[in-house]
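Coordinate analysis (summary)
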Amino acid sequence: MSAVHLIDLPIKLLEIIFPLLKLHDARSLANCCRYLHEVGQRYTFKYRRLVVKWDPWKQDIPSEFLHRILVSNNSTDPASQLHPSTRYALDTRNVFLEYAAFLLARPDILNHVENIYLSDEIPYYTWGYWGGATPDASLERWKYKFYLSVWDVVRKLLTGARFVKESTLYHIELSKDIFNCFRRLRHLYTLRLDSCFFRKGTISSMCKGRPPVMSSSLLNLDIYMPHRHVDCQEDIWKVLQFFPNLRTLSISSDIDDRAVERPPAKLIEKGTLFSTLEKFVIMNASMEAILGIVEWIRITLQRGFCLRLTHISISTMYDVPPWALESLLIALSYCPMEVLNLDLNYHTPAFTTIREIANKCPNIRGLTLILRKESDETGVVDWMHPSWEYASYFTMFRRLEYFCWNFRTSSSDFSPASMVFFEEGFPHNSEDATTYDSTYSDEPDLFNDRYYIAYPFAANCPTLRIFSILLSDREVEGCDVHRAENGVISLIPFKERTVANKFEYWNAIDEEELQMPHWPRTHPGLA
């Protein structure tokens, strides 16, 4: 039997092999022959990242770059008069423009791009990083002229990359021309707008009369609003009208600054968003924003639209009174809810919350309930009652498979370690005492059995399969619930403290840790 070589394999198999390689290995393999080069080029240029970089700690530029920068900007100022930050900005912009020019000159490469990331780091590290003022006055004066070429190249890249499916824009001005570029991207289904901004009046002028449809193919939209752009919140909500077929939506803002405000009344009255939306995230929501979502769902029903919302994640540091929580859960009860994530203020009554969720949404399959004392707190907290008292409400859930919370175990919660702690007489001040809670133990694996508190929950909820405790934003501890034919319940602890135990499936997260959590994407073939 003759040997089979790579070049003998069909293209479909090679397209599976190339993504399994590291990027430099894929490039080397693609340079072996024309056949492999054709297939490898599709993979190596599938994702392109173009960044106007800025490093506040490395502002000095080698002197050999200065003459080229000064000539390209028609400046007669001597190099000694340029602030280092200005020299650095000019050079990094030119690097961005040169790389973009290369891609634009090679449509054969640009047509292979399926995921494009366009970023401008200068606003964050200059007029954003230093409290709203640039470290160099000349850079502020040149800002408009400085960015003319950048804006032009961004438009050309978005227009030229015709087969782009996913795109991320970071600190990019969203002008009318940029939105018009989305019309030409027929395959675009995921868009992330991170810290992007609008000129005042741009969105309002575009929404006069009937708002234009910028993309009917877009299914997933993530928007992050930094505190520097809080004045354009109403415009950000209006942007949703440009994409009428959204399936997943994430809107978030700086946790330590102004919260996400209520959507405009005219937008709520149309009631069209929740007729298509299936998965929704709103992070750092104000009370008014939560009540606005409730009103939006109610009007959608009144207009005769069918609700499709199955996943929702709401995070707020504001007190949510019981009547507001009840209004939210009543609205969600009309949706085909599958998964519910609530990240609430510590003062929210937990008993009432769990009881209302079980009463209004008994058919959900996944529930994550987090209480926080501070906005930046990530970890377990002391809940008001022992865990088994909360478990008594789980008898009302009919389909619940997954439960996660940030409960800190106490001496009133049963586990082998807590029994040892009991036998020793609760010696809080003894240096030789066994600390049953691994959160405070010097040897966290010695009595790492918090998952034992899952027994009452599994007993009260026959459908429960996964029980977990959120130790931090990226770390989970818990167990799988196994049931024998005779009804005996056994708990199989997770092998590692990780988010890999289906955490991504049941929770809205951001794998890039950019404060833009989102649900699993909806792909065109599944829409």
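Here, every reference points to the structure presented above.
These remarks concern the structure in this document. (Residues numbered from 1 in each chain as written. Predicted model: local features only at pLDDT ≥ 70, side-chain atom pairs only at ≥ 80, totals over all residues. Heavy atoms only, no water.)

**Let's talk about the side chain of S286**
By the secondary structure assignment, S286 is in the loop between β7 (279-283) and α14 (287-302). For S286, a relative accessible area of 7% translates into the label buried. Within the structure, the side chain of S286 is placed 2.9 Å from the backbone oxygen of V260, a separation counted as a polar contact. One polar contact links the side chain of S286 to the main-chain amide nitrogen of A289, over a distance of 3.1 Å. (Helix = DSSP H or I, 4+ residues; strand = E, 2+ residues; numbered from the N terminus. Buried < 20%, exposed > 50% of the residue type's maximum accessible area, 1.4 Å probe, protein only. Polar contact = N/O pair within 3.5 Å; in protein donor to acceptor, adjacent residues only side chain to side chain.)

**Things to note about the packing of aromatic side chains**
Applying the stated criterion to the full structure yields 25 aromatic pairs. Ring geometry for Y147 and W151: centres 5.7 Å apart, planes at 15 degrees, overall stacked. One end of the pair, Y147, and the other, W151, are both in helix α9 (residues 143-160), four residues apart, so they sit about a helical turn from each other. The class for Y147 is buried, based on a relative accessible area of 5%. (Phe/Tyr/Trp six-rings, centres within 6.5 Å; stacked < 30°, edge-to-face > 60°.)

**Things to note about the side chain of R192**
With respect to the helices and strands, R192 occurs in strand β4 (residues 190-194). Looking at R192, its side chain comes within polar contact range of the side chain of D222, at 2.9 Å.

**Examining the pattern of salt bridges**
Within the structure shown, the criterion is met by 19 salt bridges. In this structure, R192 engages D222 in a salt bridge whose closest nitrogen and oxygen atoms are separated by 2.9 Å. Placement of R192 in strand β4 and of D222 in strand β5 (residues 220-225) is noted, with a sequence separation of 30 residues between them. The exposure classification of R192 matches that of D222, with both residues buried. Two residues, E295 and R298, come together in a salt bridge whose shortest N-O distance is 2.2 Å. Residue E295 and its partner R298 are located together in helix α14, separated by three residues, close to a single helical turn. The exposure class of R298 is partly exposed, given its relative accessible area of 37%. Salt bridges here are not isolated pairs; linked through shared partners, they connect E338, R365, R399, E401 and R465. (Salt bridge = Lys/Arg side-chain N within 4 Å of Asp/Glu carboxyl O.)

**Quick word on α14**
At 3.6 residues per turn, the α-helix brings residues three or four places apart onto the same side. Helix length check: α14 (16 residues) gives 23 Å between terminal C-alpha atoms against 22 Å at 1.5 Å per residue, within 8%. Buried within α14 we find M287, A289, I290, L291, G292, I293, V294, W296, I297, I299 and T300. Considering only its buried residues, α14 is in contact with α12 (233-238), α13 (265-270), β7, β8 (311-315) and α15 (322-333). Looking one or two residues past α14, G304 carries a phi angle of roughly 85 degrees, positive in sign. (Expected span 1.5 Å × (residues − 1). Contact = heavy atoms within 4.5 Å.)

**Observations regarding the packing of α14 against α15**
The geometry of α14 relative to α15 is characterised by a closest axis approach of 9 Å and an angle of 30 degrees between their N-to-C directions. Comparing the axis directions of α14 and α15 gives the class roughly parallel. In the packing of α14 onto α15, the handedness of the crossing is left-handed. Contacts from M287, I290, L291, V294 and I297 in α14 reach W323, A324, S327, L328, A331 and L332 in α15. (Axes fitted to C-alpha atoms, helices over the stretch in contact; angles between N-to-C directions. Parallel < 35°, antiparallel > 145°, perpendicular 65-115°, else oblique. Left-handed = near helix turned anticlockwise from the far one by under 90°.)

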